[in-house]
Amino acid sequence: MQLQCEKCGTALKPENINVATDIAQCAACGNISKLSLLANIQIDSNGTTSTRHQPFDPTPPRGSKVILTPTGHNQLEITLPPKGTKGPQIFMAIFAIFWLSFVSVWTVLAATSSIIFAAFSIPFWIVGIFMLIGVFKSRKLIEKISFFSNRIEITSNNIFSKTKTIEIPLNEIDTVRMWSKMATINEMQISINASNTTRNGKSSYLNTPALFCGMQKYPFFQTADESEQYWIIGFTEEWLRKFKR
């Protein structure tokens, strides 16, 4: 069976299909889709797409540490625990320490000549400190999404900030899908251990699941792996299909 892009209808090339991660990318328009969903999409002669719904498997991807916790009748909590220390974080921590060591030596030497001259090192101190904070943020960040029969709550917290919860009524949600948003410095820091960032020129973009409510978008599971992100999108779609009125 020839798979086609759900966005532009172009036939997908075998080299752009990854069965292991359940991801497929269109070489023509760049759209990324879940492979298992594409297998159920029909495109008629007019170019109209329709999807044959199949039961969703709520089991998290293999190797994922995502935690599903029933919290009541028609209530469920899905938690993405901290990713822990990985290679990119270790590299960034070592680089930040080296950076701050170099800046401290330069500051001391500059101070022997002039305090004003030494003050020029302040921006470099700030950069180094932010790099270290980013490492600790990504290690301690906990993301959680809670499902209720009438709403969805998105919660995130880490050791440097208070817990933040956003409530979105189900009837205000238009769709849930991947969103490539321009990343802030803080978001680039917390996503350091996830392969979900891309660059376009001088700008960095964060690929993340998001709830679309009119013009408003609510991102979540930003530090999740790609397979976890597409799984949570499928889970959310199934919940909306069941409870949205």
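Residues numbered from 1 in each chain as written. Predicted model: local features only at pLDDT ≥ 70, side-chain atom pairs only at ≥ 80, totals over all residues. Heavy atoms only, no water.

(A) Quick peek at the pairing of strand 6 (residues 67–72). Bridge count for strand 6 against strand 7 (residues 75–80) is five bridges, and the pairing is antiparallel. Counterpart to Ile67 in the pairing with strand 7 is Thr79. Turn length for the strand 6-strand 7 hairpin, with the two strands adjacent in sequence and antiparallel, is two residues, and the turn residue Asn74 shows positive phi of about 55°. (Pairing = 2+ DSSP bridges. Helix = DSSP H or I, 4+ residues; strand = E, 2+ residues; numbered from the N terminus.)

(B) Main features of the packing of aromatic side chains. Inspection of every chain in the model, using the stated rule, returns eleven aromatic pairs. Each ring, one from Phe147 and one from Trp239, has its centre 5.3 Å from the other, and the planes form 50°; the classification is tilted. Placement of the pair is Phe147 in strand 8 (residues 142–147) and Trp239 in helix 6 (residues 226–243), with a sequence separation of 92 residues. An angle of 70° between the planes, with centres 6.4 Å apart, marks the rings of Trp179 and Phe212 as edge-to-face. Pair noted here: Trp179 is in strand 11 (residues 175–182) and Phe212 is in strand 13 (residues 203–213), with a separation of 33 residues, a long-range link. Look at Phe212 and you get buried, because its relative accessible area is 7%. What links up through ring pairs into an aromatic cluster is the set Phe147, Trp231, Phe235, Trp239 and Phe243. Seen from the ring of Phe148, Arg151 lies directly overhead, with NZ or CZ sitting 3.8 Å from the centre. (Phe/Tyr/Trp six-rings, centres within 6.5 Å; stacked < 30°, edge-to-face > 60°. Buried < 20%, exposed > 50% of the residue type's maximum accessible area, 1.4 Å probe, protein only. Lys NZ or Arg CZ within 6 Å of the ring centre and 35° of its normal.)

(C) Structural view of unusual backbone geometry. Despite not being glycine, Asn74 shows a phi value in the positive range, around 55°. Here Asn74 shows up in the loop between strand 6 and strand 7. The exposure class of Asn74 is partly exposed, given its relative accessible area of 28%. Positive phi outside glycine occurs at Phe221, with the angle close to 50°. With respect to the secondary-structure elements, Phe221 resides in the loop between strand 14 (216–219) and helix 6.

These results come straight from atomic positions and should not be treated as a statement about function.
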